[in-house]
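Analysis of the macromolecular model
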Amino acid sequence: MMSLLVSLNRPVVATQPVLRRILKAMSEPGVAVTLPGAEAWEGLSPAASALLSTLNEAEASLWLDESLNTPALRASLLQANAAPLTDKLPAALALLHSDSDPDLATICAPGATVILEVPALNGGLTLRLRGPGIQERRAIAPQLPPRTLDFLREWPMNGQGINLMLTCGEMLMVLPRTAQIAVC
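Here the structure is a predicted model, which is why all the values come from computation and not from measurement. (Residues numbered from 1 in each chain as written. Predicted model: local features only at pLDDT ≥ 70, side-chain atom pairs only at ≥ 80, totals over all residues. Heavy atoms only, no water.)

In this structure the tally under the stated criterion is 3 salt bridges. Salt-bridge contacts for K24 lead to E28; the nearest nitrogen and oxygen are separated by 2.9 Å. On the basis of relative accessibility, which here comes to 30%, the residue K24 falls in the partly exposed class. (Salt bridge = Lys/Arg side-chain N within 4 Å of Asp/Glu carboxyl O. Buried < 20%, exposed > 50% of the residue type's maximum accessible area, 1.4 Å probe, protein only.)

Below you can see the structure in the form of structure tokens.
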């Protein structure tokens with residue numbers, strides 16, 4: 001599904017429940033899970049903070065959305081031994097905020113992992129999902145920015161899309177690159 005090399009940056013006992021929930025979200029596209037016990041870093045949701053402190057892409061640097069690229073967040077990432085930062089595009093790993101209406105086609109390399117902070121995981125346009133981990137079809141409606149919806153309308157059907165990890169509060173929902181997505 002995803003070629004993440006996982007490293008645990010906190011004691012194993014503390015990260016095991018978070019890692020299990022992340023794996024559940026990755027294996028069941030469109031299912032929202034709660035990431036337990038995460039403290040929010042300044043400017044981020046607890047879920048995005050948990051992702052960044054638990055998963056570490058060994059071969060990829062992290063590209064930060066301009067609205068999130070603050071000294072406080074950079075210090076939190078450094079303290080957590082998270083992925084090194086980069087300003088080069090296209091990125092293999094990116095942290096974005098929906099308020100900036102990011103252009104995923106420009107920001108992300110094929111197969112990239114993207115953490116996107118959204119206002120809610122419901123109440124948006126309906127997305128219909130099919131593919132591995134989905135028994136028949138699944139309908140979800142996260143509140144996504146316009147350019148993200150445009151990107152999803154052109155979602156590659158050959159597995160060369162991106163792994164989109166949507167975070168809101170303590171909740172995580174994953175749309176893996178293997179999913180077939182229709183914007184309704």
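Turning to the environment of I134, a few remarks are in order. Relative to the assigned elements, I134 resides in the loop between β6 (127-130) and β7 (138-140). Between the alpha carbons of I134 and P29 there is a distance of 6.8 Å; along the sequence they are 105 residues apart. In this structure, I134 is in contact with P29 and L129, ignoring residues within four places of it in sequence. (Helix = DSSP H or I, 4+ residues; strand = E, 2+ residues; numbered from the N terminus. Contact = heavy atoms within 4.5 Å.)

The nonpolar side chains of soluble globular proteins are, as a tendency, buried together. Residues I22, L95, M165 and L172 are the most contacted members of the largest nonpolar core, which totals 32 residues. Elements that contribute at least two residues to this core include exactly α1 (12-27), α2 (46-54), β2 (62-64), α3 (71-79), β4 (91-97) and β9 (171-175). Membership of the second largest hydrophobic core comes to 30 residues, among which are L104, V114, V118 and W155. (Core = buried A, V, L, I, M, F, W, Y, C linked by side-chain atoms within 4.5 Å.)

Next up on the list: the sheet that holds β6. Spatially, β7-β6-β10 is the arrangement adopted by the 3 strands of the open sheet, whose pairing is antiparallel. Of all strands in the sheet, those with a lone pairing partner are β7 and β10 (180-183), marking the two edges. With strand direction ignored, the average angle separating the axes of adjacent strands in the sheet is 25 degrees. One ladder, built from 3 bridges, connects β6 with β7; its direction is antiparallel. (Pairing = 2+ DSSP bridges. Axes fitted to C-alpha atoms, helices over the stretch in contact; angles between N-to-C directions.)

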